[in-house]
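So you can see what is in the structure, the chains are spelled out below.
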Amino acid sequence: GLTTASALARRPPRTGAHLAGQAPLPPPYQVPLPIPRTLKPLATTGGVDRYEITQRETTAEILPGVRTPLWTYDGTFPGPTIEARRGRPVIVRHRNELPVPTVVHLHGGRTPASSDGYPTDLVLPRDWHEPARMNGMHMDGMSGMRDPRAVESRLTRDYTFPMDQRPTMLWYHDHRMDFTAPAIWRGLAGLHIIRDDAEDSLGLPAGPREIPLAITDRAFSADGTLRYPSLDPTLRTKPGVKEEYLAGVLGDVILVNGAPWPVHEVDAARHRLRVLNASNARHYELEAVTDDGRRLDLVQIGADQGLLTTPVTHRTIPIAPAERYDVVIDFKDVKPGTKVRIINRLGSGRTRDVMAFRVTRRTKDDTRIPRTLSNDLPTWRRGEATRVRDFSFRAGRMNGGHGWLIGGKPFDPSRTDVTVRLGDVELWRLVADVHHPVHLHLVGFRVLSRGGRAPRPQDAGLKDTISLRPGETAEIITRFDAYRGRYLFHCHNAEHEDMGMMANLEVH
Ligand code: C2O
Ligand code: CU
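Predicted model, so just to flag it, every value in this text is computed and none were measured.

(A) Summary view of the nonpolar core. Of all hydrophobic cores here, the largest spans 79 residues; its most connected members are Trp428 and Phe489. Setting aside residues up to four positions removed in sequence, Trp428 forms contacts with Arg389, Phe391, Val418, Leu440, Ala474, Glu475, Ile476, Phe480, Phe489 and Leu505. Core analysis: the next-biggest nonpolar cluster, separate from the first, contains 26 residues, Leu39, Val90, Val123 and Trp128 among them.

Written out as structure tokens, the structure is:
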């Protein structure tokens, strides 16, 4: 029936651990936190920064003693970080040396449609012929290629990002139709940070005191390979695996910047943590706890789309897939030699642990958190909205099986679901059956209400992803003021997205 998928998705989360055989896991807080390297531009002439990224297979030692095959951007997971300046365009040439077609999307970018990574705008690998190599469980995976507007290029594609937007931390990841979730799971994700002079002059913690944290979960087999149920023919028929796929795939190993439960040494000073939940389906609620049981304040300075107007202090931060929180934490009252653990309150057993900071020494700290962080945060009043639209995010039937639908329909690249006029302000009411992190391409939005009440303090600022909770209706408001063309909105539970929960948004 129509509600079965959502009933399945409500069951307690399963993890890869219920499947036989697992590589030995390291104790927490032993592996040093890696910081993804910053990519060097090939050229910086003509006011443009040009980069090249090769998508290729490699292996890495993620768990001690075993090698994990990965799909990577330029050989690492996460991929290299791109550092951009506001208003200075970035062109990234992606070269596909993977065995499958790929699509690159810069999540949170105000990007012309031709470079936004529409799910059928494929970069084909050298030897790609036919769908025989497709591993899809629920579809043949080729439906997108039948889209008359599909664009395919072989081996390379140049993506142009104008960077005409507020400074913030974006991320780039694969977005191929029906296969986004397994591609991200295998490693296709990286960070992309935009800065400007105004932000640089605020005096926030910087350099080694600014730390990107891309949090993911993964499941591993005994030989170190990543477990992903729909791609593993031996697992597909096992009970529980289909439900796991439908709800979204969870892992029992928490990785930060690709390392399991890492530790990072810090001075007893303020640090700026740029947190991304890059997990396919796992939600976290983060808190920082000292060895003697004190909880440290998490001072939020920015959201998905850049700085808040004023800082907001939280005890815990819930973070859904694809959301970012820009947070300052002050270690000044933490005794040198002791740790501050970052805990996931929603986890159990080992998924409760995320990472730790080991405080090494007292130091002087001349950073600050200004009371006014930015004064360009857009606000839109209800009365400005020229349209109010309603969208439901619910389970339903798709291709004769279970799927996830927006407004009762699964994704179809040849159908336009919403047409908006360039420059219009619109108010959207979103309602969910189970937890769905809903993401709009192209624009940032504000959260107006949640469950008929004021938004949570953690909904502050300009967002591009909203964590829509079970049974809840939320109102968001935005102006579609960037570019004309075909864009997307979708659930960012990556398995939900692959199983239909995506829709077309035409700006004209
Ligand atoms: Cu982060 Cu449409 O994606
Ligand atoms: Cu969803």
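(B) View of the coordination of the copper ion (ligand 2). All of the protein donors around the copper ion (ligand 2) are His436 (ND1), Cys491 (SG) and His496 (ND1); their distances to the metal are 2.0 Å. Each donor residue of the copper ion (ligand 2) belongs to the same chain, and together they define the spacing H-x54-C-x4-H. Grouping residues by exposure puts Cys491 and His496 together as buried.

(C) How the structure looks around the sheet that holds strand β29 (residues 446-450). Strand order in the open sheet made by the five strands is β25-β24-β27-β31-β29, with mixed pairing throughout. Strand pairing shows two members of the sheet lacking a second neighbour, β25 (401-406) and β29, which therefore form its edges. Neighbour-to-neighbour, the strand axes of the sheet open up by a mean angle of 20 degrees, direction not taken into account. As judged from the seven bridges shared by strand β24 (residues 387-398) and strand β27 (residues 425-432), these two strands associate in the parallel manner.

(D) Examining the packing of aromatic side chains more closely. What the rule picks out here adds up to ten aromatic pairs. Ring centres 6.4 Å apart and planes at 10 degrees place the aromatic pair Tyr159 and Phe161 in the stacked group. Relative accessible area serves as the criterion here: at 1%, Tyr159 is assigned to the buried category. Here a set of aromatic residues connected by ring pairs shows up, and it is made of Phe391, Trp428, Phe480 and Phe489. The ring of Tyr118 carries the charged tip of Arg486 above its face, separated from the ring centre by 3.6 Å.

(E) Quick look at unusual backbone geometry. Cis geometry is found at the peptide bond from Phe77 to Pro78, where omega equals -5 degrees. Tracing the backbone through its elements, the reader meets Pro78 in the loop between β2 (68-73) and β3 (82-85). A positive phi is found at Asn257, a non-glycine position, where the angle reads about 50 degrees. A positive phi angle, near 85 degrees, is found at Ala322, a position not held by glycine. The topology assignment puts Ala322 in the loop between β20 (317-319) and β21 (324-330).

Conventions used here
- Residues numbered from 1 in each chain as written.
- Chains lettered and ligands numbered in written order.
- Predicted model: local features only at pLDDT ≥ 70, side-chain atom pairs only at ≥ 80, totals over all residues.
- Heavy atoms only, no water.
- Core = buried A, V, L, I, M, F, W, Y, C linked by side-chain atoms within 4.5 Å.
- Buried < 20%, exposed > 50% of the residue type's maximum accessible area, 1.4 Å probe, protein only.
- Contact = heavy atoms within 4.5 Å.
- Donors = N, O, S within 2.8 Å, 3.2 Å for Na, K, Ca; no water.
- Pairing = 2+ DSSP bridges.
- Helix = DSSP H or I, 4+ residues; strand = E, 2+ residues; numbered from the N terminus.
- Axes fitted to C-alpha atoms, helices over the stretch in contact; angles between N-to-C directions.
- Phe/Tyr/Trp six-rings, centres within 6.5 Å; stacked < 30°, edge-to-face > 60°.
- Lys NZ or Arg CZ within 6 Å of the ring centre and 35° of its normal.

Geometry only, nothing functional implied.
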